[in-house]
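# A look at the structure
Now for the letters of each chain:
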Amino acid sequence: MTVYLNIVVCYDAMMDTERDVRTIGETLPLDEQFDIVAHRRRRCILRCIETHGSPIALADLADEVAVREYESRLSDVPVEEVKRIYLSLYHKHVPKLADASVVEYDQKRHTVSLAERVGRVRVLLRLVEQRR
């Protein structure tokens, strides 16, 4: 019970405005929001796009994710690992984020950008990152 109350207090304290409280579950169910931020790589993707700015080429995003996951320079990350990360972004993580309308993926340009709906998962993203 105490843990639940602590989470509720933290979650509530992180809401920027009353509008955030109303809209967080409006079009993206809370279970889907939790599912999005549950995977470390998806959290990393969102942070990379947010830091880099939108849109970002999928290949560049894979490089950024590799750098963050390895906590190293890109030149120190094995090329095969960067390819593996790229494929996981292309086939799994970016489509999941796009299906939830958290990111927009331009297939012609192979670019990813944040969508308006990302604001609804930012609160959970910050909460998860604080709890690490």
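Residues numbered from 1 in each chain as written. Predicted model: local features only at pLDDT ≥ 70, side-chain atom pairs only at ≥ 80, totals over all residues. Heavy atoms only, no water.

For the protein chain, the helix and strand inventory stands at seven helices and three strands. Along the chain direction, N to C, the helices and strands of the protein chain fall in the order α-α-α-α-β-α-α-β-β-α. By residue count, 37% of the 132 residues in the protein chain fall in the buried class. Once local pairs closer than 6 in sequence are excluded, the contacts in the protein chain between residues at least 24 apart make up 61%. As displayed, the protein chain has an accessible area near 8,200 Å², and 52% of this comes from carbon and sulfur atoms. (Helix = DSSP H or I, 4+ residues; strand = E, 2+ residues; numbered from the N terminus. Buried < 20%, exposed > 50% of the residue type's maximum accessible area, 1.4 Å probe, protein only. Contact = heavy atoms within 4.5 Å. Areas by Shrake-Rupley, 256 points an atom, 1.4 Å probe, with all protein chains shown as cover.)

Attention now moves to the packing of aromatic side chains. Considering all chains together, one arrives at one aromatic pair under this definition. Ring centres of Tyr86 and Tyr90 lie 6.4 Å apart, and the angle between their planes is 5°; on these two criteria the pair is classed as stacked. Placement of the pair is Tyr86 and Tyr90 together in helix H6 (residues 79-99), with a separation of four residues, close to one helical turn. Its relative accessible area of 26% is what places Tyr86 among the partly exposed residues. Using a relative accessible area of 36% as the deciding quantity, one classes Tyr90 as partly exposed. (Phe/Tyr/Trp six-rings, centres within 6.5 Å; stacked < 30°, edge-to-face > 60°.)

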